Amino acid sequence: VLRKNRRGVLAFSILTQQLSGKKIHLSTLFKDITQLSYNGDPRVSLGAENRSKVKNIVEGNFEGFKTWYNDEVRRLEDKEIFRVESNNMVQVTCDDYQRAALFNDVPYNILQKVHNDPSVLLLGQGGYTTPEAVEKLIPSLKKEMENRVRWTNLKSYTTFPLVLPVGKTISYAAEKFRKGLMSKKSLPNK
């Protein structure tokens, strides 16, 4: 399951970046993946999370991310979807059929929610995997992926109090919220 999830979020990140022909740093993909997780965290919605958390996580664990995603990165390199250079820059080269291969990695039930006939996305037919067509699907795809993560996070939040004593759970949540608000006050508004 973890490998399938890694595969899906990496494909999602590449699709949403619309990267064909561009170069980005590998950490950008890892930040997108990490951001997806935090967008589904209720604390982020409440403004009770450190704004720099995603950047701090990825920059502090970049080598770990490379190790964790190594198999999926190599698989995409073998499919010639992208190439990672020695300086960790990623060169993406996607044609319609390679984008279809990326759609194959996104969970099918999410594709069903963003397109009435997901098979055209998976087969690369009918012009549905052109950069322009994919760009139109990205907002819906992103929303569905975030909803999936949010639902998973909410389920874990509702079971979390069953594992820990209620008093400790409430005090932990209150402390996290306080820290989030304090970090929000110390950062300049954008």
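Please read these numbers as outputs of a predicted model, since none were measured by experiment.

Undergrad: Hey, could you run me through the layout of surface pockets in this one?
TA: If you roll a probe as big as a water molecule over the atoms, it shows you where there is empty space left. Each pocket or cavity is described by its volume, and for the largest pocket that value is around 540 Å³. If you trace the largest pocket, you find 21 residues lining it, with Asn5, Arg6, Val9, Leu36 and Val149 closest to the centre. Contributions of two or more residues to the lining of the largest pocket are made by α1 (2-17), α2 (26-39), α5 (62-68) and α10 (131-163). When grouped by side-chain class, the residues that make up the lining of the largest pocket number 12 nonpolar, 5 polar and 4 charged.

Undergrad: Can you walk me through the packing of aromatic side chains in this structure?
TA: What describes a pair of aromatic rings is the distance from one ring centre to the other and the angle between the planes of the rings. Enumeration according to the criterion identifies 3 aromatic pairs in this entry. Taking 5.2 Å as the distance between ring centres and 25 degrees as the angle between the ring planes, the aromatic pair formed by Phe30 and Phe65 counts as stacked. Highlighted residues: Phe30 in helix α2 and Phe65 in helix α5, separated in sequence by 35 residues. Through a chain of ring-to-ring contacts, the aromatic side chains of Phe30, Phe62, Phe65 and Tyr69 assemble into a single cluster.

Undergrad: Hey, could you run me through helix α7 (residues 96-105) in this one?
TA: Given 3.6 residues to a turn, an α-helix orients residues that are three or four positions apart in the same direction. With respect to burial, α7 is a largely interior element, 7 of its 10 residues being buried. Taken as a whole, α7 has its buried residues at Gln98, Arg99, Ala100, Ala101, Leu102, Phe103 and Asp105.

Undergrad: Sorry, what's going on with the packing of α1 against α2 here?
TA: Two measures define how a pair of helices packs: the angle their axes make with one another and the distance between the axes. Between α1 and α2, the shortest axis-to-axis distance is 9 Å and the interhelical angle comes to 110 degrees. Regarding the angle of α1 to α2, the classification is roughly perpendicular. Residues Val9, Leu10, Phe12, Ser13, Ile14 and Gln17 of α1 pack against Thr28, Leu29, Asp32, Ile33 and Leu36 of α2. By residue class, the composition of the contact of α1 with α2 is 7 nonpolar, 3 polar and 1 charged.

What counts and what doesn't
Residues numbered from 1 in each chain as written. Predicted model: local features only at pLDDT ≥ 70, side-chain atom pairs only at ≥ 80, totals over all residues. Heavy atoms only, no water. 1 Å grid on protein atoms, 1.4 Å probe; cavity = no way out; pocket = protein on both sides within 12 Å on 5 of 7 lines; lining within 4 Å. Points joined across faces, edges and corners; volume = space filled by probe spheres on them. Helix = DSSP H or I, 4+ residues; strand = E, 2+ residues; numbered from the N terminus. Nonpolar A, V, L, I, M, F, W, Y, C, P; charged D, E, K, R; others polar. Phe/Tyr/Trp six-rings, centres within 6.5 Å; stacked < 30°, edge-to-face > 60°. Buried < 20%, exposed > 50% of the residue type's maximum accessible area, 1.4 Å probe, protein only. Axes fitted to C-alpha atoms, helices over the stretch in contact; angles between N-to-C directions. Parallel < 35°, antiparallel > 145°, perpendicular 65-115°, else oblique. Contact = heavy atoms within 4.5 Å.

Remember that the coordinates give geometry; whether it matters functionally is a separate question.
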